[in-house]
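Letter by letter, the chains look like this.
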Amino acid sequence: MDTGKAESGTRRSGAAGDVWLRSSARPGRDAPPLSRARIIEEAVALLDAEGADRLTMRRLAERLGTGSTTLYWHVKTKDDVLDLALDMIFAEVEIPPEGGQGWRADITALISGWRAVLLRHPWSAALLGRPMLGPNVLARSEFLYATLLEAGVVEPHLTAAAYGLSNYVIGSGLMQATWPAGAEQEARRAAREHLYANRERYPALAAHGPLVADGDWDTSFALGLSWLLDGIQADVAGSAGATRA
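Report follows, based on the coordinates. (Residues numbered from 1 in each chain as written. Predicted model: local features only at pLDDT ≥ 70, side-chain atom pairs only at ≥ 80, totals over all residues. Heavy atoms only, no water.)

**Looking at the nonpolar core**
If you look at soluble globular proteins, the nonpolar side chains tend to sit buried side by side. Under the convention used in this document: Residues grouped as a nonpolar core are buried Ala, Val, Leu, Ile, Met, Phe, Trp, Tyr and Cys residues, joined through side-chain atoms within 4.5 Å. Relative accessibility decides the category of a residue: with a 1.4 Å probe and only protein chains considered, values under 20% of the type maximum give buried, values over 50% give exposed, and everything between is partly exposed. Helix and strand labels come from DSSP, where a helix needs a run of H or I of at least four residues and a strand needs a run of E of at least two; each type is numbered from the N terminus. Start and end points for every domain follow an automatic or database-based domain assignment.
L60, L71, V81, I111, W114, L148 and L165 are the most contacted members of the largest nonpolar core, which totals 50 residues. Listed by contribution, the elements that provide at least two residues to this core are α2 (36-50), α3 (57-64), α5 (78-90), α6 (103-120), α7 (135-151), α8 (157-178) and α11 (217-244). Of all the elements, α5 adds the most residues to this core, at 7 residues. Looking at this core, you find at least three residues from each of domain 1 (36-89) and domain 2 (94-178 + 215-243).

Structure, rendered in structure tokens:
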């Protein structure tokens with residue numbers, strides 16, 4: 001990947017997530033009229049169109065009609081760009097208003113909204129192992145934890161519940177985003193034939209496996225999410241009953 005000499009030099013001194021842990025760079029008096037917000041908006045457009053592998057500081061600068069050096073007034077590394085882009089798209093996940101329909105409905109709305117964003121920006125799910133310390137991400141994580149706490153979930157189950165919900169939506173989004181575009185039916189047909197031919201070795205998968213079933217992603221996701229919430233609700237009810245006893 002040709003990211004340019006300036007990019008490779010700066011990346012050695014930084015890492016994913018560092019953008020949230022240092023003060024924002026302040027351009028000097030002679031800095032060009034280019035804002036960080038505009039850079040990240042264009043980065044998201046590039047990522048949506050071509051994916052994370054095609055993002056370089058040089059290509060981003062070309063899209064902005066400027067030079068790579070100009071970008072370094074506002075972002076130090078490609079990792080900064082990716083971290084900021086991830087946080088920008090999280091602003092699209094709507095936080096349910098106070099006094100909603102109850103904790104289950106609120107979490108369902110949040111997680112479903114998160115999934116929708118991952119599918120609108122299919123490059124994002126594969127990057128969610130990065131440090132997530134941006135204000136938009138933290139606001140939604142805070143809402144998730146606070147809602148679980150209000151529902152009666154306490155440690156050690158609180159972190160397990162939050163991780164379970166987060167990992168579920170990330171895994172689901174990643175699977176759907178990486179499924180062969182425009183070739184879903186053909187891919188499923190080939191999988192079905194392979195599993196049927198090996199049904200003695202994989203009888204459960206041949207009869208019920210996810211690659212055999214028709215691809216109703218929305219229904220499968222909603223059902224899985226409901227089961228996770230059922231488990232959380234049962235744990236809360238059990239803990240409350242044990243406390244009363």
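The rest of the description comes next.
**Points about α2**
The condition is simple: Expected helix span is taken as 1.5 Å per residue step, with the number of steps being one fewer than the number of residues. Of all possible arcs, the one meant is that of the directions from the helix axis to the C-beta atoms.
The end-to-end C-alpha distance of α2 is 21 Å, a good match for the 21 Å that 15 residues give at a rise of 1.5 Å each. For α2, the complete set of buried residues consists of I39, I40, A43, V44, L46 and L47. For α2, the buried positions fall inside an angular range of 165° around the axis, keeping them on one side. Residues E41 and A49 are exposed on α2 and point more than 90 degrees away from its buried face.

**Focus: the packing of aromatic side chains**
Condition: When two rings of Phe, Tyr or Trp (its six-membered ring) have centres within 6.5 Å they constitute a pair, described as stacked for plane angles under 30 degrees, edge-to-face for angles over 60, and tilted for the intermediate range. Remark: a charge is flagged as sitting over a ring if the NZ atom of Lys or the CZ atom of Arg is within 6 Å of the ring centre and within 35 degrees of the ring normal.
By the definition in use, this model includes 2 aromatic pairs. Judged by centre distance (5.0 Å) and plane angle (15°), the ring pair of Y168 and F221 falls under stacked. Of this pair, Y168 sits in helix α8 while F221 sits in helix α11, and the two are 53 residues apart along the sequence. Note on F221: relative accessible area 4%, which makes it buried. Sitting over the face of the ring of F221, R115 holds its NZ or CZ atom 4.8 Å from the ring centroid. The residue whose ring lies beneath R199 is Y196, and the NZ or CZ to ring-centre distance is 4.1 Å.

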